[in-house]
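Read off the chains here:
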Amino acid sequence: MTMGDRLLGHPRQSTYLHPLVGLDDNTPFQGGHRNNPQIEQTIPTLLTLFRTRNLPIFHVKHNSRDPSSTLHPSHPGNAICPFAAPSPSRPNDEPLYTKSVHSAFIGTSLEADLRARGITRLFVCGLTSNMCVNTTVRMAGNLGFEVFVVEDACATFDRVGHDGVLRRAEDIHAYALSDLHGEFCTVIKASDVQGLLGN
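The rules behind these values
Residues numbered from 1 in each chain as written. Predicted model: local features only at pLDDT ≥ 70, side-chain atom pairs only at ≥ 80, totals over all residues. Heavy atoms only, no water. Axes fitted to C-alpha atoms, helices over the stretch in contact; angles between N-to-C directions. Helix = DSSP H or I, 4+ residues; strand = E, 2+ residues; numbered from the N terminus. Parallel < 35°, antiparallel > 145°, perpendicular 65-115°, else oblique. Contact = heavy atoms within 4.5 Å. Nonpolar A, V, L, I, M, F, W, Y, C, P; charged D, E, K, R; others polar. Buried < 20%, exposed > 50% of the residue type's maximum accessible area, 1.4 Å probe, protein only. Arc of directions from axis to C-beta. Salt bridge = Lys/Arg side-chain N within 4 Å of Asp/Glu carboxyl O. Core = buried A, V, L, I, M, F, W, Y, C linked by side-chain atoms within 4.5 Å. Phe/Tyr/Trp six-rings, centres within 6.5 Å; stacked < 30°, edge-to-face > 60°. pLDDT = per-residue confidence, 0-100.

Looking now at the packing of helix H2 (residues 39–52) against helix H6 (residues 190–197). The N-to-C vectors of H2 and H6 enclose an angle of 10°; their axes lie 10 Å apart at closest approach. One way to sum up the angle between H2 and H6 is to call them roughly parallel. The residues of H6 that touch H2, namely those facing Thr42, Leu46, Leu49 and Phe50, are Ala190, Val193, Gln194 and Leu197. Tallied by class, the residues present in the contact of H2 with H6 amount to six nonpolar, two polar and no charged.

Shown next as structure tokens:
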């Protein structure tokens, strides 16, 4: 997706945040090594940027239906990390959505709420690059939103493939975002966001 007239026209802005869950590297969901360890600093910086500009932030939390999953509401791994939590002082501008599938648009009112606010541009960050972020971005692009994925504010984990080969988180992250860029979104760095928001 290219930066065209909608970018220059300064449409209503928003960010979508897939909150981080279970950041302890011993959590089975993570499978160990994670790329982009700096997201604990990058995401709060982005949140502060949007809050100081009084821009809405849409938080999305995954609640697994599987009682054995670390992302099931009965497990500690389901909790939102404090640095990515919604601000209690902005309940109307930082709603929290819960989902049980990979896309933030399935089973939630996210799309309707974005359209009701006239929002056409999304900045996406969170976990995981190849799962929930990837699925949500693909759907957002297909729904007609202008999407920017903040690569250094997203992350994933090592994963063993169907062939038994261990893939490193850095490679999975790079491949996932490469598949998205230019088709469903524009991949950017956190340092690019302020310029895209304009003055």
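Among the residues of H6, those classed as buried are Ala190, Val193, Leu196 and Leu197. The arc that holds every buried residue of H6, seen down its axis, measures 95°, which confines them to one face. When the buried face of H6 is taken as reference, the exposed residues oriented beyond 90 degrees from it are Ser191 and Gly195. Phi for Gly198, located one or two positions after H6, is positive at around 80°.

All right, on to the pattern of salt bridges then. Under the counting rule described, the total for this entry stands at ten salt bridges. Of the charged contacts, one joins Glu111 and Arg115 as a salt bridge, the two residues approaching to 3.0 Å between their closest N and O atoms. Of the two residues, Glu111 and Arg115 both sit in helix H3 (residues 110–116), four residues apart, roughly one turn of that helix. Note on Arg115: relative accessible area 41%, which makes it partly exposed. The partner of Asp158 in a salt bridge is Arg168, and the shortest N-O contact between them spans 2.9 Å. Of this pair, Asp158 sits in the loop between strand S5 (146–155) and strand S6 (159–160) while Arg168 is found in the loop between strand S7 (166–167) and helix H5 (169–180), placing the two residues ten residues apart along the sequence. The exposure class assigned to Asp158 is buried, which follows from its relative accessible area of 12%.

Right, let's talk about the nonpolar core for a bit. Leu114, Leu122, Phe123, Val137, Val147, Val149 and Val193 are the most contacted members of the largest nonpolar core, which totals 43 residues. When residues of this core are traced back to their parent elements, those giving at least two are H2, strand S2 (57–62), H3, strand S4 (119–127), helix H4 (132–142), S5, H5 and H6. Ranked by residues supplied to this core, first place goes to S5 with seven residues. For Val149, the residues in contact, after removing those within four places along its chain, are Val124, Val133, Val137, Cys154, Leu177, Cys185, Thr186, Val187 and Ile188.

Scanning the entire structure with this criterion turns up four aromatic pairs. Ring geometry for Phe105 against Phe145: centres 6.2 Å apart, planes inclined by 20°, an arrangement best described as stacked. Residue Phe105 is located in the loop between strand S3 (96–99) and H3, and its partner Phe145 is located in the loop between H4 and S5; the two are separated by 40 residues in the primary sequence. Each of the two residues, Phe105 as well as Phe145, counts as buried. For the pair Phe123 and Phe148, a centre-to-centre distance of 5.1 Å together with 15° between the ring planes defines the contact as stacked. Here Phe123, found in strand S4, pairs with Phe148, found in strand S5; they are 25 residues apart in sequence, far enough to count as distant. Judged by its relative accessible area of 1%, Phe123 falls in the buried class. Residue Phe148 is classed as buried on the basis of its relative accessible area of 0%. Counting every residue linked through ring pairs, the aromatic cluster contains Phe50, Phe123 and Phe148.

The next thing to look at is the confidence of the model for the protein. Across the protein, the average pLDDT comes to 84, with 84% of residues at 70 or higher. This stretch, residues 1–11, has a pLDDT under 50; its non-local contacts, to residues over four places away or in other chains, come to 26 contacts. When the criterion is pLDDT under 50, residues 18–28 qualifies, and its contacts beyond four places in sequence or with other chains add up to 43 contacts.

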